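Here is how the chains run, residue by residue.
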Amino acid sequence: MWSSRKPKSFNKLALPEGPAWLASDLHLGADTPATQQAFLGFLHKAADEAATVLLPGDIFNVWVGDDTIADPPHWLAEALAAMKAAASRLPLYLGRGNRDFLIGQRLARELGAHLLPEVVLLQTPRGPVLLSHGDEYCTDDRAYQRWRAAARNPLLQKLFLMSSLAWRQDFARKARAKSMQVKRGTPLQIMDVSPDTVDAALRESGASVVVHGHTHRPAHHVFAVDGRRCERWVLPDWELDHAEPKRGGWLVIDKDGLRFQDL
Ligand code: LP5
Ligand code: MN
């Protein structure tokens, strides 16, 4: 639960002056060519118009280890080249989601990007903004939190990463299939963030704005915590290959505040 995992102090990140662009839940893979093209367009535009890009998780549909980049499939090579090009023009921050939490320093180094801590307090012109992937707020989803705790175990991760790439890819395919099956039987409300957990995070961090992705329920919520006006901005997922209408977009944070930018 959030409070029992309460960090003693929050990692802070001062954003450089100028607009920060945030996008998550792109779920890139071999079967998402249209989503990938939209992402490449986003990075290209960001390099011209933004001062920082933050990608707080689930950039990839699944990530089974940084050694994937030694011999990447074509789609991945293309995505990595675009991220590297963007990172050569502005700071690029990679967060880890529930599908790509095995992203590590090797990938970041290769791209010239920086890894984000699990939860980070962004210092923005509009005050502190609490940023994370969002799955840590889904504390009513007990089955997921059990899996999450196991999958974040450093020893299990080490063992997993020691097995062959083919075995890991096969495991990931089975885990994805299992997840999709379990989700079909789980009420949407259980899979959403727990309001109490979000309130606790806002209380503990002192921020009045929280930004996350993961739930695929983009929105701008305004509510009160202990009488303090708070906001929760939920980033959209990107899906331009398997859904109509196509969807995706990002959040801009600059001196004028926060706003969504549709694709
Ligand atoms: O991702 P999504 O949107 O489908 O659903 C998530 C939750 N599910 C997950 C699981 C991921 O999709 C799978 C990620 C694979 C990572 C590969 C690396 C593995 C490394 C291991 C290192 C030790 O995150 C889902 C939530 C939903 O979000 C909403 O929040 O509900 O959670 C579940 O569905 C709960 C299930 O219990 C999760 C089951 C995971 C699979 C268990 C392993 C089975 C493997 C079988 C092999 C024989
Ligand atoms: Mn996610």
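To be clear, the structure that these remarks concern was listed above.
Residues numbered from 1 in each chain as written. Chains lettered and ligands numbered in written order. Predicted model: local features only at pLDDT ≥ 70, side-chain atom pairs only at ≥ 80, totals over all residues. Heavy atoms only, no water.

**Side note on the coordination of the manganese ion (ligand 2)**
Going by this rule: Each metal site lists N, O and S donors within 2.8 Å (3.2 Å for Na, K and Ca). With water left out of the atoms, a site can look as if it is missing ligands. Secondary structure follows DSSP: runs of H or I at least 4 residues long count as helices, runs of E at least 2 residues long count as strands, and numbering of each begins at the N terminus. Burial classes: relative accessible area under 20% of the type maximum marks a residue as buried, over 50% as exposed, and values in between as partly exposed (1.4 Å probe, protein chains only).
Protein coordination of the manganese ion (ligand 2) is provided by Asp 58 (OD), Asn 98 (OD1), His 133 (NE2) and His 214 (ND1), with donor distances spanning 2.1 to 2.4 Å. Each donor residue of the manganese ion (ligand 2) lies on the same chain, and together they follow the pattern D-x39-N-x34-H-x80-H. Placement of the pair is Asn 98 in the loop between strand S4 (92-95) and helix H3 (105-111) and His 133 in the loop between strand S7 (127-132) and helix H4 (142-151), with a sequence separation of 35 residues. By relative accessible area, His 133 is classed as buried at 2%.

**Focus on the sheet that holds strand S2 (residues 20-22)**
Filter applied, for reference: Pairing between two strands requires that DSSP report at least two bridges joining them.
Reading across the sheet, the six strands line up as S5-S4-S3-S2-S11-S12 and stay open at both edges, with mixed pairing between neighbours. Edge positions in the sheet fall to strand S5 (114-115) and strand S12 (257-262), since each of these pairs with one other strand and no more. Where S4 meets S5, two bridges bridge the pair, whose relative direction is parallel. Residue pairing in the sheet places Leu 94 in a bridge with Leu 115 of S5.

**Some remarks on the site of ligand 1**
Convention followed: Any residue with at least one heavy atom within 4 Å of a molecule or strand is counted as near it. The definition of a polar contact used here is a pair of N or O atoms within 3.5 Å, where within protein one atom must be able to donate a hydrogen and the other to accept one, and adjacent residues in sequence count solely through side-chain atom pairs. Residue classes follow a fixed rule: Ala, Val, Leu, Ile, Met, Phe, Trp, Tyr, Cys and Pro count as nonpolar, while Asp, Glu, Lys and Arg count as charged, and any other residue, Gly among them, counts as polar.
Not every one of the 22 residues close to ligand 1 is listed here, only the nearest: Asn 98, Arg 99, Asp 141, Arg 176 and His 214. Within the side chain of Arg 176, an N or O atom sits 2.7 Å from an oxygen atom of ligand 1. Here a nitrogen atom of ligand 1 and a side-chain polar atom of Ser 179 are 2.8 Å apart. Going through the elements one at a time, H4, helix H5 (154-162) and helix H6 (165-184) are the ones with two or more residues in the shell around ligand 1. Across the shell around ligand 1, the residue classes tally to 14 nonpolar, three polar and five charged.

**Description of the sheet that holds strand S8 (residues 209-212)**
Spelled out, the test is: As a rule, the C-alpha atoms of each element are fitted with a line to give its axis, helices using only the stretch in contact, and angles between N-to-C directions run from 0 to 180 degrees. Residue contacts are defined here by distance: any two heavy atoms, one from each residue, within 4.5 Å place the two residues in contact.
Taken in spatial order, the six strands make up an open sheet running S1-S6-S7-S8-S10-S9, and their pairing is mixed. One side of each edge strand has no neighbouring strand; the edge strands of this open sheet are strand S1 (11-14) and strand S9 (219-225). Strand after strand, the sheet turns through a mean of 25° between neighbouring axes, direction not considered. Pairing analysis gives six bridges linking strand S6 (residues 119-124) to S7, with the strands arranged antiparallel. Across the sheet, Leu 121 pairs through a bridge with Leu 130, a residue of S7. Those strands touched by helix H8 (residues 195-205) are S6, S7, S8, S9 and strand S10 (228-234), and its axis lies near 65° from that of S9.

**Some details on the side chain of Thr 52**
If you trace the backbone, Thr 52 turns up in strand S3 (residues 52-56). Aside from chain neighbours lying at most four places away, what touches Thr 52 is Leu 15, Pro 16, Pro 19, Ala 20, Trp 21, Leu 90, Pro 91 and Tyr 93.

That is the geometry; function is a separate question.
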